[in-house]
Amino acid sequence: MDDKPNASGSIERVTEAARAAGLDIEIRRMGASTRTAAEAAEQCGCTVAQIVKSLIFQGERTGRIYLFMLSGEHQLDLAKAAALAVEPLKRADPRHIREVTGFAIGGVSPIGHLAAIPAFADEALLRFDRVWAAAGAHDAVFAAEPGALIAAAGATVASLANQESAT
């Protein structure tokens, strides 16, 4: 994938963002893909629910980018997300995501973006002692206490999950 040349820089941004937020993390390179929640859970030795999906959507009116942090077992309720963004949303183009966040799809971290973007985290993440998130590359992850991660991301906690996707 084309994220390899910049992976070390992306991972370093995540490390620096964590440090700046007072979040003590250890980034692990898994040696195998963690692009999907199922792959990440297998590599991390946790449940799919403990994987933080960092989903990027774009406002249809403003073009603004938004981050939605969701448990790996859930799907985003787009109506709830749009209400929080106060505009209709669409999937963001992968090139635009990389330009704004500095991360390629499959390695988008909830922290360490190139620019500050509005962030929202699903309340379901708070039921765990520890969650795992992408760390800037397709095979890089880190574990954190969810409340601390949400704070480091500057995210607002809300109900984001599509109730039909809950397992």
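Look a little higher up for the structure.
An account of the accompanying structure is given in this report. Note that the structure is a prediction, hence the values are computed from the model and not measured.

This next bit is on unusual backbone geometry. At valine 86, a residue that is not glycine, the phi angle is positive and equals roughly 60°. Examined against the element boundaries, valine 86 turns out to sit in the loop between helix 3 (78–85) and strand 4 (89–91). Overall, valine 86 belongs to the exposed group, its relative accessible area being 61%.

Let us look at the pairing of strand 6 (residues 131–134). Of the two faces of strand 6, both are covered, the one formed by Val131 and Ala133 as well as the one formed by Trp132 and Ala134. Strand direction decides the pairing type here: strand 2 (residues 51–59) and strand 6, joined by two bridges, are parallel. In the strand pairing of strand 6, valine 52 is matched with alanine 133. Pairing geometry for strand 6 and strand 7 (residues 140–144), over four bridges, is antiparallel. Among the inter-strand pairings, tryptophan 132 is bridged to a residue of strand 7, identified as alanine 143. Where strand 6 hands over to strand 7, the hairpin turn is made up of five residues, of which glycine 136 adopts a positive phi near 105°.

Parameters at a glance
Residues numbered from 1 in each chain as written. Predicted model: local features only at pLDDT ≥ 70, side-chain atom pairs only at ≥ 80, totals over all residues. Heavy atoms only, no water. Helix = DSSP H or I, 4+ residues; strand = E, 2+ residues; numbered from the N terminus. Buried < 20%, exposed > 50% of the residue type's maximum accessible area, 1.4 Å probe, protein only. Pairing = 2+ DSSP bridges.

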